[in-house]
Amino acid sequence: MNPVLGRRPRILAATTAAAGLLLVAGCSSGGGGGKTTASGGVPLVKAGQLTTCTHLPYPPFQSEIDGTVQGFDVSLIDLVAKDLGVKQDIVDTPFENFKTGAFLNSEQCDLAAAGMTITPERAKNVDFSDPYFDATQAVLVDKKSGIGSFADLKGKKVGAQAQTTGEEYAKSKGLDPVSFESSDAVLNGLRTGQVQAVVIDYPVVQGWLKDKANADAFKVVDNLNTGEQYGFTVKKGNTKLVAAINKAIKDAKADGTYKKLYEKWIGPYDAVAASASPSAS
């Protein structure tokens, strides 16, 4: 995902079937100073709500559907909010702030949920939850392109979402990817012929290929196991919120909720989906 510089947070609504909550977004610039608490003494920037920063769109993890923000990340954080006895409020913010922890440090948000890969560099600025999703990078191409694998991308126009691990991976392999500011823009670049292939998180591609028009036009020719894992982030030192997030993830995996949400938002689930990368087959 990439930051949209100068973009102001948008007020959004978010709902998920799993939590059955109406989540009215809104996060004041002043925050709450972390002076209020939820169940278990978890500090909150605003009383009665768990304020989540995200960056839209990034389906199937978070995107606006019928006027509400929904997705896999949203559903999991709903579980955290439910455990804390509050509701989740969602704010759309530039992705750069997730890497630096800016909105967390200024106490505008309690946590960030943005399909974000855990990296040592990012962990210098924020504290990560336990991994909640193992991701691979997919190579998606136009079926008429003649491209059959990642190795065939040399000399081709390749697209990626700016400031993501997909873009970093492509660059590390000697490619010079065209950067797009959102996942929607990446797909549009492929659709309109601006690029011949894209490198992006496989679950995002899974979501795209649920649409018949996309499935008819594009195909996955490679799935790159880069060892990536997603985590939710909180302000450095917020151990109580990290513990609450980790508990919700653990409980969801134990009681079958994680599996249900995975199947709803990501796709077919097998017994190792929570600890191994999804297959591209």
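Here the residue index of a chain counts from 1 through its sequence in written order. Residue-level local features of this predicted model are given only where pLDDT is at least 70; pairs of side-chain atoms are given and counted only at 80 or more, and the full residue set underlies all totals for whole chains, interfaces and linings. Calculation of side-chain values draws on the structure's entire complement of heavy atoms; hydrogens and water are dropped beforehand.

(A) Summary view of empty space enclosed by the protein. Definitions used for this entry: grid spacing 1 Å over protein atoms alone; cavity, a set of points where a 1.4 Å probe fits but cannot get out; pocket, an open set with protein on both sides within 12 Å along at least 5 of 7 lines; lining residue, one with an atom within 4 Å of a point. Grid points are joined across faces, edges and corners, and a volume is the space filled by probe spheres set on the points. Evaluation of the coordinates by the stated rule reveals three cavities of 30 Å³ or more. Of the volumes computed, that of the second largest cavity is approximately 50 Å³. Lining the second largest cavity are Cys-53, Thr-93, Asn-97, Phe-98, Gly-101, Ala-102, Phe-103, Leu-104 and Ala-112. Those elements that provide at least two residues to the lining of the second largest cavity are α2 (96-100) and α3 (102-105). In this text, helices come from DSSP runs of H or I with a minimum length of four residues, and strands from runs of E with a minimum of two, each type numbered from the N-terminal end.

(B) Expanded view of unusual backbone geometry. Residue Pro-57 is bonded to the preceding Leu-56 through a cis peptide linkage, with omega at -10°. Following Pro-59, the chain continues to Pro-60 via a peptide bond in cis, the omega torsion being 5°. Inspection of the secondary structure puts Pro-60 in the loop between β6 (49-54) and β7 (63-65). Unusually for a residue other than glycine, Asp-66 sits at a positive phi of about 55°. By secondary structure assignment, the location of Asp-66 is in the loop between β7 and β8 (68-70). Each residue's exposure class comes from its accessible area (1.4 Å probe, protein chains only) as a fraction of the maximum for that residue type: buried when under 20%, exposed when over 50%, partly exposed otherwise. Classification of Asp-66 by relative accessible area gives exposed; the value is 78%. Of note, the phi angle at Glu-107 is positive, near 60°, even though the residue is not glycine. Checked against the element boundaries, Glu-107 lands in the loop between α3 and β10 (111-112). The class of Glu-107 is partly exposed, set by a relative accessible area of 21%.

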